[in-house]
Amino acid sequence: MDKRQRWLGLMPLALLVWGAAAEAEASLRLEGLLHPHTRAKATPLTKEMPKDWPEAVISDSLKQSGAPSGNLLQVEGSLSDGDDRLPDLSLYDVHSFQGQAGQSVRISLESQDFDTYLLLYAPSNELIAQNDDDGEGTNSEIVLQLPEDGVYQIVANAYDRTERGTYQLTVESLSASQIEQADQQAEADRSLEQGIDQYRDRQYEQALASWQAALSLYRQLSDREGEAASLGNLGLVYERLGNERSAIDSYEQALVIARETGYRQSEANTLGNLSRIYNLLGNYRQGIDYHQQFLTIAREMGDRQSEADALNNLGLAYYNLGDYGRAIGLYEQSLAIGRELRDRPLDTLAPGSFVSRRSDNSVEEARALGNLGLVYQRLGNYRRAIDYFEQSLAIFPNLGDRQSEVLALNNLGSAHRFLDEYERAIDYYSQALTLAREIGDRRSEALPLSNLGDVYASFGDYDRAIESYEQALSIYREVGNRLGEANTLGNIGTIYDGLGDFRQGIELHQQALGMIREIGDRPGEAVFLANLGSSYLALNRLNEAESSFYTAIEILETLRASDLSDTDRVSLFDTQARAYKALEQTLILQNEPNEALEIAERGRARIFVELLSDRLSSQQAQPISSAPPDFATIQQIAAAQQSVLVEYSIHDSAPDGPALYIWVVQPTGELHFRKVSLADQSLDLSSLVRQSRDAMGIRGRGGFELVEGASANEQLRELHQLLIDPIADLLPTDPTQRVVFIPQGELFLVPFPALIDADGNYLIENHTVLTAPSIQTLDLTRQQRMTLGNSANPSVLAIGNPTMPEVWNPEASDYQQLSDLPGAEFEAREIAEFFNVQPLINAAATEQAVKQQIESAQILHFATHGLLEYGSPQDSGVQDVPGAIALAPSTTEDGLLTAAEIRTFNLQAELVVLSACDTGRGRITGDGVIGLSRSFIEAGTPSVIVSLWSVPDAPTAALMTEFYRQLQQGQDKAQALRQAMLTTLENHPEPKNWAAFTLIGEAN
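Each chain has its residues counted from 1, following the order in which its sequence is written. Since the coordinates come from a predicted model, pLDDT governs what is reported: local features require at least 70, and pairs of side-chain atoms require 80 or more to be given and counted, while whole-chain, interface and lining totals use all residues. Based on all heavy atoms of the structure, the side-chain values leave hydrogens and waters out of the count.

Here's the deal with the sheet that holds strand 5 (residues 116–121)
At least two bridges found by DSSP between two strands is the condition for calling them paired. Put simply, DSSP marks the helices as runs of H or I at least four residues long and the strands as runs of E at least two long, and each gets a number from the N terminus on. The strand order across the open sheet formed by 5 strands is 2-3-8-5-6, and the pairing between neighbours is antiparallel. With one partner strand each, in any of the chains shown, strand 2 (84–85) and strand 6 (127–131) form the two edges of the open sheet. Summarising the sheet, strand 5 and strand 6 pair through 4 bridges and their orientation is antiparallel. Note that in strand 6 the partner of Leu 119 across the bridge is Gln 130.

Digging into helix 3 (residues 204–220)
Given the number of residues in a helix, its expected span is that number minus one, multiplied by 1.5 Å. In this model helix 3 runs 24 Å from its N-terminal to its C-terminal C-alpha over 17 residues, within 8% of the 24 Å that 1.5 Å per residue would give. Within the sequence span of helix 3, burial applies to Tyr 204, Ala 207, Leu 208, Ser 210, Trp 211, Ala 214, Leu 215, Leu 217 and Tyr 218. The secondary structure elements touched by the buried residues of helix 3 are helix 2 (176–200) and helix 4 (224–240). Ser 222 occupies a position one or two residues after helix 3 and carries a positive phi of about 60°. Exposure classes here rest on a 1.4 Å probe applied to the protein chains alone. A residue is buried below 20% of its type maximum, exposed above 50%, and partly exposed in between. The contact criterion used throughout is that any non-hydrogen atoms of two residues lie within 4.5 Å.

Quick look at the nonpolar core
Of all hydrophobic cores here, the largest spans 208 residues; its most connected members are Val 646, Tyr 648, Leu 723 and Phe 963. Each residue touching Leu 723, except ones within four places of it in the same chain, is listed here: Tyr 648, Leu 660, Ile 662, Leu 747, Val 750, Phe 752 and Leu 755. As used in this record, nonpolar core signifies buried Ala, Val, Leu, Ile, Met, Phe, Trp, Tyr and Cys residues forming a set joined through side-chain atoms within 4.5 Å. Leu 840, Ala 849, Ile 885 and Leu 887 belong to the second largest nonpolar core, which has 34 residues in total.

Considerations on the packing of helix 14 (residues 442–458) against helix 15 (residues 462–479)
For the pair helix 14 and helix 15, the least separation of the axes is 8 Å and the interaxial angle reads 160°. In terms of orientation, helix 14 and helix 15 fall into the roughly antiparallel class. Here helix 14 runs over helix 15; the crossing is left-handed. Together, Arg 442, Arg 443, Glu 445, Ala 446, Leu 447, Leu 449, Ser 450, Leu 452, Gly 453, Asp 454, Tyr 456 and Ala 457 of helix 14 and Tyr 462, Arg 464, Ala 465, Ser 468, Tyr 469, Gln 471, Ala 472, Ile 475, Tyr 476, Glu 478 and Val 479 of helix 15 make up the contact between the two elements. Any residue outside Ala, Val, Leu, Ile, Met, Phe, Trp, Tyr, Cys, Pro, Asp, Glu, Lys and Arg is labelled polar, Gly included; the first ten of those are nonpolar and the last four are charged. Its residues assigned to classes, the contact of helix 14 with helix 15 shows 13 nonpolar, 4 polar and 6 charged. Lines are fitted to the C-alpha atoms to define the axes, a helix being fitted only along its stretch in contact, and any angle between axes, read from their N-to-C directions, falls within 0 to 180 degrees. An angle below 35 degrees is read as roughly parallel, one above 145 as roughly antiparallel, one from 65 to 115 as roughly perpendicular, and any other as oblique. The sense of a crossing depends on the near helix, which, turned anticlockwise from the far helix by less than a right angle, makes the crossing left-handed and, turned clockwise, makes it right-handed.

Describing the pattern of salt bridges
Where charged atoms from two side chains of opposite charge approach closely, those side chains can pair. Take a side-chain nitrogen of Lys or Arg and a carboxyl oxygen of Asp or Glu: if they are within 4 Å of each other, that pair is a salt bridge. Within the structure shown, the criterion is met by 39 salt bridges. A salt bridge links Glu 478 to Arg 442; its shortest N-O distance comes to 2.8 Å. Here the residue Glu 478 occupies a position in helix 15, and Arg 442 occupies one in helix 14, the gap between them amounting to 36 residues. Take Arg 442: its relative accessible area is 33%, and that puts it in the partly exposed class. Glu 893 is paired through a salt bridge with Lys 851; the nearest N and O atoms lie 3.3 Å apart. Here Glu 893, found in the loop between strand 21 (884–886) and strand 22 (896–898), pairs with Lys 851, found in helix 30 (residues 847–853); they are 42 residues apart in sequence, far enough to count as distant. Linked through salt bridges whose partners overlap, the residues forming this network are Arg 219, Arg 224, Glu 227 and Glu 260.

Description of the environment of Arg 517
Mapped onto the elements, Arg 517 comes out in helix 17 (residues 502–519). Among the residues examined, Arg 517 registers a relative accessible area of 44% and is labelled partly exposed. Along the sequence, Arg 517 and Ala 486 sit 31 residues apart, while their C-alpha atoms lie 10.0 Å from each other. Only 2.8 Å separates the side chain of Arg 517 from the side chain of Glu 525, close enough to count as a polar contact. N or O atoms within 3.5 Å of each other form a polar contact, as long as, within protein, one can give a hydrogen and the other can take it, and as long as residues adjacent in sequence are counted only when both atoms are side-chain atoms.

Details of the confidence of the model for the protein
Per-residue confidence from the predictor is reported as pLDDT, a score between 0 and 100. When the pLDDT values of the protein are averaged, the result is 82; 83% of them are 70 or greater. In the model, residues 345–360 has pLDDT below 50 throughout and makes 35 contacts with residues more than four positions away in sequence or in other chains.

Observations concerning the packing of helix 23 (residues 606–619) against helix 28 (residues 775–788)
Axis separation between helix 23 and helix 28 bottoms out at 10 Å; the angle between their running directions is 20°. As far as their axial angle goes, helix 28 and helix 23 are roughly parallel. You can see that helix 23 and helix 28 cross each other, and the crossing is left-handed. Of the residues in helix 28, those touching helix 23 at Arg 606, Phe 608, Val 609, Leu 612, Ser 613, Arg 615, Leu 616 and Gln 619 are Gln 776, Thr 777, Leu 780, Gln 783, Gln 784 and Thr 787.

Digging into the sheet that holds strand 21
Read across the open sheet, the 3 strands follow the order 20-21-22; overall the sheet is antiparallel. Two strands bound the open sheet, and with one partner strand each, they are strand 20 (866–867) and strand 22. In terms of strand pairing, strand 20 meets strand 21 through 2 bridges, oriented antiparallel. If you follow Leu 867 over to strand 21, its bridge partner there is Ala 884.

Remarks on the environment of Thr 488
For Thr 488, the position within the fold is in helix 16 (residues 482–498). Distance in space between the C-alpha atoms of Thr 488 and Tyr 469 is 6.2 Å, their sequence separation being 19 residues. Not counting residues within four places of it along the chain, the set of residues in contact with Thr 488 comprises Ser 450, Tyr 469, Ala 472, Leu 473 and Tyr 476.

Considerations on the pairing of strand 19 (residues 859–863)
The buried count for strand 19 comes to 5 of 5 residues, which makes it a mostly enclosed element. Because side chains alternate across strand 19, one face comprises the buried residues Ile 859, His 861 and Ala 863, and the other comprises Leu 860 and Phe 862, equally buried. As paired elements, strand 15 (residues 796–802) and strand 19 share 5 bridges and run parallel to each other. Across the sheet, the residue bridging to Leu 797 is Leu 860, located in strand 19. Taken together, the 5 bridges between strand 19 and strand 23 (residues 911–915) define a ladder with parallel strand orientation. The residue bridging Phe 862 from the neighbouring strand is Leu 914, located in strand 23.

Okay, structure coming up:
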């Protein structure tokens, strides 16, 4: 066996996701590094001699050698460019010695310059032995009994064709005691090798016996390296047999010997095994320490493959700690090395490079891809996870790594299940289960069984779900997988919850929670606490439910790593939202609306709040806290705003049926709570919002078709009944007093100004309205406004009807130029005239020109096309934050000012008006709407006016002109927008003509 070979396997990691179904993940990680120690072993024939190769002369060899008594031959030679080459183009020399039948000899070839290879030919010219290594470094050794009298030929060879340098060749005759020792050594080596073969064949008890025998022999021989190899491998088999303590003891003994003998490769292997087992035991911090040591040695040795392994396993430890940003960084480093290894054939490596010899170097690439998929799956970015899993799955069959193929199939199934694509999920799980059974891998078999149980549970087929879970549970216990056992117990607990047997569910959740705490899996602990809280809530054990949910949330809030991208942090936050919702329900049932509002705030717009707080902190001497507000702080915000605050929370699965929670906070600090049942609605609230938009003819970027009157009014009345009627008595009677709506989910798309009351009046006729993602963001935009100051003559940048760019149309599968907007040009000219500035229109409105002026203007007005889909990879092919503003292209810019670009600016604008289509829309998340409006606020603007649909050209121009007229007359932004809407309503009464715009953020 080549001393650099390793056997790398994969271990499953199952993780329950909050709710009725469980997430089972298979994490691609290093299984363990076997320790070969091969001194006297004939390796498979990999070298051959040329047809005509030179024969060495015995007398010359002996004369050169000056061999001392007892030695048959001793040569100091060298391989250089002038030497002969074997068919594989590696260099070689030939030396000879006289031998006798039955004589025992040891032949050693050592070099500090190159990896040696040794071949021995009998007097009959028959190859009788060859060896690549002696278990230490790069030297080779053959010990054997000679078969006949005559002259034996020795080939001193370099393993690779690029290698050259000096060497020492020794042939010595062995005494009886030396022969006995050599036989004992050979027996020890055979036992070690036999154990390796048995381990690979999953004959773990037999491997244990073989390695224990090898250990005893190596200790008798005082062979410290053989002892270390045996101990290291015993650790592996103890792990497989579920005896983690004995495994750690064996590894630690092996590590001491490896360090005493200076055998760096053995030290690295043992550190890798120790780090892995501590990961499996949940002691991730200890595992990280060993991983770091392993990584350091791998880099010192130039062992790129081990470096990739160490990075992968470090990533796994941080993944299990919930530090997803660091995990991604480590996996990406491992992926880069894996691709480097894949793309660099071994014979092209520079001298001194060290790479384990494998038939295919894609294994590290495949593992890193799979691990990246797992992180993005945990973050809720399932489409991106699927892409990584598919890349990984395409590689593993070529490697013959069937176990990894099983896990990749499992992961693909889980990602599709989270997208509610159940047929595809079942197909992948079934393939994984079939393959696991074909290869006889019990560990891998448990995972698809558990995952199939999840699917059956989601269908309400609880009998089949329990059957699958119990099969998985039996296997997890058989193989000693504590994490899999805990997750499966928790999954069975959710089944009993679904059957209404909550007491049995609680018992199982508590068992799972105890096990997961022993393991140290913090994300898993939060999951089980939330599940346990759900069971308590169903039994009306409210104090216990509250405690469980609070503890779960505290853990979840430690997992939002700041080094993740904002998109990934938001996605992760969305996967955690249910725990906040459940705690809201628990507090309301205990008649604690104040505390429930605190949790409602704590469970929304957290990433946005952190971004705004960081920006404000950088502008001020005192840092701005991003901690969620308590009720006293919420009261202070309402007073500072002098506004009525209305916060909504949609509960699709409340204990007593779907409901809408509404909190109303008066400027005086008085709080009112109202609950609206949604159980009797013929449509769910989200569908109602969509139908109201459809009824107005709102169809997105492609424009709309006018739908007159009745249908639209009916939907707008129904929305008013749900959203406004329950709190109508709490809203101000003065139409100039502001009402700030804090929506959630699809409610961000509600055209609040257009809601119609029982008397047929629009809401805007009675109230001045604006919106915010959360109460806390409303306070932060007010603070941002205070940093900008006031100007009697603000600088204005007005952009209208630029020469339109071409954009990708996915329906036509081609690029098309956006349409001309004459009304937008008129609008920009009128607004520029108000402020006595020159507008940017037509060809002058280039993206480059806008970027040059955008950071100095105090008012930014864009009258152009807005693109909702741009930045969505499935529609545009661009990986970006959704949303873009159309500007004139140039030689250096494409004419699309994207949301991702906007958020990088340092804006001084107190107001941005996006007089374009769909600029208030984007990706709706628990953190608010991710799109253009958020990007402008993040870049420093406290007030943004955006549209909720594709706005008509002429009425929009009239509305905007009136808005600025009102603004110049001294109205605040919210009142100016209200008056502009009322004026436009008189001439263009359909809501689609005037109700699309909303003010987000600060009104002053």
